[in-house]
Amino acid sequence: MAAKVTIADVARAAGVSASTASVVFSGKIKVSDETAARVRAAAAELGYRGPDPRAASLRTGRSGIVGVVMSSSLRTAFLDPIAIATMDGIATSVAPLGAGILLLRDDGRTPAATEVPLDAAVLFGTHSENPELVENLVERGIPVVAVEGDPAWGVPVISLDNTEAQAQLAHHIAGLGHRNVAVVSLRWGPTTEPGFVSPASTPVIDVTRERLAGVREVFENPNVFSARGSSVDFGIEAANAILDRYQPTAILAQSDLLAAGVIRAATERGLSVPKDLSVTGFDGVAVDGLAPYQLTTMHQPAYDKGRAVGDAIARLLEGEKAPSVRFTCTFRPGNTTAPPAHSSVN
């Protein structure tokens, strides 16, 4: 087997020092065009493809990797437009750092992030009953930023006013005269099965818990079905389960995709939205195939939230403190809510 070509071999062939050859590839120090061309020609002739990134990592103490740890399935995570927009914001912000993004799964049992070399970690949709993951990362000296996580973790949290925003939707529904409502929630926990949940049950995942708290501020004991995740199909499944058992006049879904599924299930049963059933969503995203309906929902600035995550990572990597940031959702009225058929509310 032929010996591996090194940067020293290239330097000798080009008639320059090893340090000069090295900076030609790193691009961090300007060298003359003639010298750079000579080094690259020598490298091409010898078959040298560039410095070993593992060696560069040892020199700089950086891996060039920002890990994004997700509690949801990686296969389905990016079917969600909110996840896509948030990740777009994160990627845009970390690009100037010269870092790439590595997606990791945390199912609450085997968090891969505890073993992978990372410059920083983003906890995306993780849950507050797994503080060991945060502790492990912090003990390794890895900067951590949480997307809608638990402030008790002691790391910067980029969050939404989930409870207040969902309460605004609930007040809207109550103001129309609805009293018999149901909720289609996001996943209850990383390993929980879909189904109805008892009033005494508390969601493990922070976003689910916060949004449910907003509904419960207005409606004390709504019937709640925990969906498998955020998708139209899961919304159909949840709505059919609710409508088989109860007769709500309104269903509050914790995402627009779930709400679209609720509408589809209702119309397939011959129900008129909003005459027979009012439906609200959450997120403010475009959902294909929803016309002629325009969801009554809350719009969240997902891309800006992702940018804030990347900005926090950049500060932490520079040894600075990064504050938590809380974004505000905006009420977006649509044509999917109306007073219940027998309401006296005008």
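Residues numbered from 1 in each chain as written. Predicted model: local features only at pLDDT ≥ 70, side-chain atom pairs only at ≥ 80, totals over all residues. Heavy atoms only, no water.

Asker: Any chance you could explain the overall build of the protein chain here in plain terms?
Answerer: If you tally the helices and strands in the protein chain, you get 12 helices and 13 strands. For the protein chain, with 346 residues in total, the buried portion stands at 48%. Contacts in the protein chain between residues at least 24 apart in sequence constitute 72% of all its contacts with a sequence separation of at least 6. (Helix = DSSP H or I, 4+ residues; strand = E, 2+ residues; numbered from the N terminus. Buried < 20%, exposed > 50% of the residue type's maximum accessible area, 1.4 Å probe, protein only. Contact = heavy atoms within 4.5 Å.)

Asker: Got a minute to help me understand the side chain of serine 255 in this structure?
Answerer: When you line up the elements, serine 255 lands in the loop between strand S9 (250–253) and helix H11 (256–268). Among the residues examined, serine 255 registers a relative accessible area of 1% and is labelled buried. Sequence-distant contacts of serine 255, defined by excluding residues within four places in its chain, comprise Leu186, Ser230, Gly281, Phe282 and Asp283.

Asker: What is the right way to look at the sheet that holds strand S12 (residues 325–327) in this model?
Answerer: Spatially, the 6 strands line up as an open sheet ordered S2-S1-S3-S4-S5-S12, and their pairing is parallel. Of all strands in the sheet, those with a lone pairing partner are strand S2 (100–105) and S12, marking the two edges. Neighbour-to-neighbour, the strand axes of this sheet turn through a mean angle of 20 degrees, independent of strand direction. The pairing of strand S3 (residues 120–124) with strand S4 (residues 144–147) spans 4 bridges and is classified as parallel. Bridging from a neighbouring strand, valine 122 pairs with valine 145 of S4. (Pairing = 2+ DSSP bridges. Axes fitted to C-alpha atoms, helices over the stretch in contact; angles between N-to-C directions.)

Asker: Before we go on, may I ask you to explain the pairing of strand S1 (residues 65–70) in this structure?
Answerer: Each regular strand carries side chains that alternate between the two faces of the sheet. Burial within S1 is extensive, with 5 of its 6 residues counted as buried. Sheet topology note: the S1/S2 ladder contains 6 bridges and is parallel. Across the sheet, glycine 67 pairs through a bridge with leucine 102, a residue of S2. Judged from the 5 bridges that link them, S1 and S3 form a sheet pairing that is parallel.

Asker: How should unusual backbone geometry be read in this particular structure?
Answerer: Among all residues except glycine, the phi angle is most often negative; among peptide bonds, the trans geometry is most common. Cis rather than trans, the peptide bond between valine 273 and proline 274 has omega equal to 10 degrees. Relative to the helices and strands, proline 274 resides in the loop between H11 and strand S10 (278–280). At aspartate 283, a position not held by glycine, the phi torsion is positive, near 135 degrees. For aspartate 283, the location among the structural elements is in the loop between S10 and strand S11 (297–299).

Asker: What's the story with the packing of helix H10 (residues 232–245) against H11 in this structure? I'm lost.
Answerer: For any two helices packed against each other, one specifies the inter-axial angle together with the distance between the axes. Relative orientation of the contacting elements H10 and H11 amounts to 50 degrees, with a least axis distance of 7 Å. Classified by the angle their axes make, H10 and H11 are oblique. The two elements H10 and H11 cross, and the hand of that crossing is right-handed. From H10, Val232, Phe234, Gly235, Ile236, Ala239, Asn240 and Leu243 reach across to H11, where they touch Leu257, Leu258, Ala260, Gly261, Val262, Arg264, Ala265 and Ala266. Considered class by class, the residues forming the contact of H10 with H11 number 11 nonpolar, 3 polar and 1 charged. (Parallel < 35°, antiparallel > 145°, perpendicular 65-115°, else oblique. Left-handed = near helix turned anticlockwise from the far one by under 90°. Nonpolar A, V, L, I, M, F, W, Y, C, P; charged D, E, K, R; others polar.)

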